[in-house]
Amino acid sequence: MGITVFKDNADSSRTYLRITRAINGKEQQRYVRVNGSSKAAMQKAMAEAKKIDQRLQEWQKAVRQLMAINGESLVHEDGTIVGLQLQKRNRDGRKPATEFKIRVKIHDKPPIFKSVSVDRYGFEEAFARSVARICELRDLGTDSEAYQRMLGCIDAYREKYEAQEDESGLPMRLVGKVSQWLRR
């Protein structure tokens, strides 16, 4: 991505600036010819190339927003959500904790990390809170198609959760049901 200088072949005296932007396998290229070999000609062509690059950057941003609204870039092929993991944390001096770990990377910004405790909220509530938090961090509404698509991924995480075992060797689905029953 960016602006590169090149000649159309080794014998040619014609110089071009190539402006390239790509997103999700779709690439856009534009060309600006440098008229002459002077520094002023290069500066004039570079100014025009920067304007074109700005328009292509806006195109990239619009495509990203459309993909986010549709939820296309938020769900992996295996049915899990991009940036959401089910983890079991083991720390010295504490009992193991199961949580949803959230990592949201927004373009040109550092990643944001959050977590939601499955032990505190129960599996379904923790999952719903995690999806809502991801939507909040990505500026997506809870009435969007992306939100509904992510909520539909609960079965992929339920399989992982039920496959986990606590330190006594009991499946987590039984431990979760017993702990919910004891809270009543």
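As a starting point, this report considers the structure included with it. (Residues numbered from 1 in each chain as written. Predicted model: local features only at pLDDT ≥ 70, side-chain atom pairs only at ≥ 80, totals over all residues. Heavy atoms only, no water.)

**As for the overall build of the protein chain**
Tallying secondary structure elements over the protein chain gives six helices and six strands in all. Sequence-ordered secondary structure for the protein chain, helices as α and strands as β, is β-β-β-α-β-β-β-α-α-α-α-α. Among the 184 residues that make up the protein chain, the fraction classed as buried is 32%. Excluding contacts between residues fewer than 6 apart, the proportion of contacts in the protein chain whose partners are at least 24 apart in sequence is 42%. Of the roughly 12200 Å² of accessible surface on the protein chain, 47% is carried by carbon and sulfur atoms. (Helix = DSSP H or I, 4+ residues; strand = E, 2+ residues; numbered from the N terminus. Buried < 20%, exposed > 50% of the residue type's maximum accessible area, 1.4 Å probe, protein only. Contact = heavy atoms within 4.5 Å. Areas by Shrake-Rupley, 256 points an atom, 1.4 Å probe, with all protein chains shown as cover.)

**Thoughts on the nonpolar core**
Ranked by size, the top nonpolar core spans 24 residues in total, and within it I81, L84, F100, F127 and Y157 carry the most contacts. Every element with two or more residues in this core is listed here: β4 (84-89), β5 (97-104), α3 (123-137), α4 (145-151) and α5 (154-163). The biggest single contributor to this core is α3, with seven residues. Each residue touching F100, except ones within four places of it in the same chain, is listed here: L84, Q85, L86, K114, S115, V116, V118, F123, A126, F127, S130 and Y157. By size, the runner-up hydrophobic cluster in this structure holds nine residues, among which are A41, A45, I52 and L56. (Core = buried A, V, L, I, M, F, W, Y, C linked by side-chain atoms within 4.5 Å.)

**So, the pattern of salt bridges**
Under the counting rule described, the total for this entry stands at six salt bridges. A salt bridge links E124 to R158; the nearest nitrogen and oxygen atoms lie 3.0 Å apart. Within this pair, whereas E124 is found in helix α3, its partner R158 is found in helix α5, the two being separated by 34 residues in sequence. Judged by relative accessible area, which is 41%, E124 ranks as partly exposed. Its salt-bridge partner being R158, residue D155 comes within 3.0 Å of it at the nearest N-O pair. With a gap of three residues between them, D155 and R158 both fall in helix α5, about one helical turn apart. Classification of R158 as partly exposed rests on a relative accessible area of 23%. (Salt bridge = Lys/Arg side-chain N within 4 Å of Asp/Glu carboxyl O.)

**Overview of the side chain of S130**
Among the structural elements, S130 can be located in helix α3. Here A126 takes part through its backbone oxygen, which lies 2.8 Å from a polar atom of the side chain of S130. Beyond its immediate sequence surroundings of up to four residues, S130 is in contact with L84, F100, I102 and V116. (Polar contact = N/O pair within 3.5 Å; in protein donor to acceptor, adjacent residues only side chain to side chain.)

**Some details on the layout of surface pockets**
Empty space among the atoms becomes apparent when a probe as large as a water molecule is rolled across them. The computed volume of the largest pocket comes to approximately 830 Å³. R64, Q65, I106, H107 and R138 are the residues nearest the centre of the largest pocket, which is lined by 26 residues in total. For the lining of the largest pocket, the secondary structure elements donating two or more residues are α1 (39-70) and β5. Examining the composition of the lining of the largest pocket, we find that nine residues originate from one element, α1, more than from any other. Here the lining of the largest pocket is composed, by residue class, of 10 nonpolar, seven polar and nine charged. (1 Å grid on protein atoms, 1.4 Å probe; cavity = no way out; pocket = protein on both sides within 12 Å on 5 of 7 lines; lining within 4 Å. Points joined across faces, edges and corners; volume = space filled by probe spheres on them. Nonpolar A, V, L, I, M, F, W, Y, C, P; charged D, E, K, R; others polar.)

Just geometry here; none of it tells us what the structure is for.
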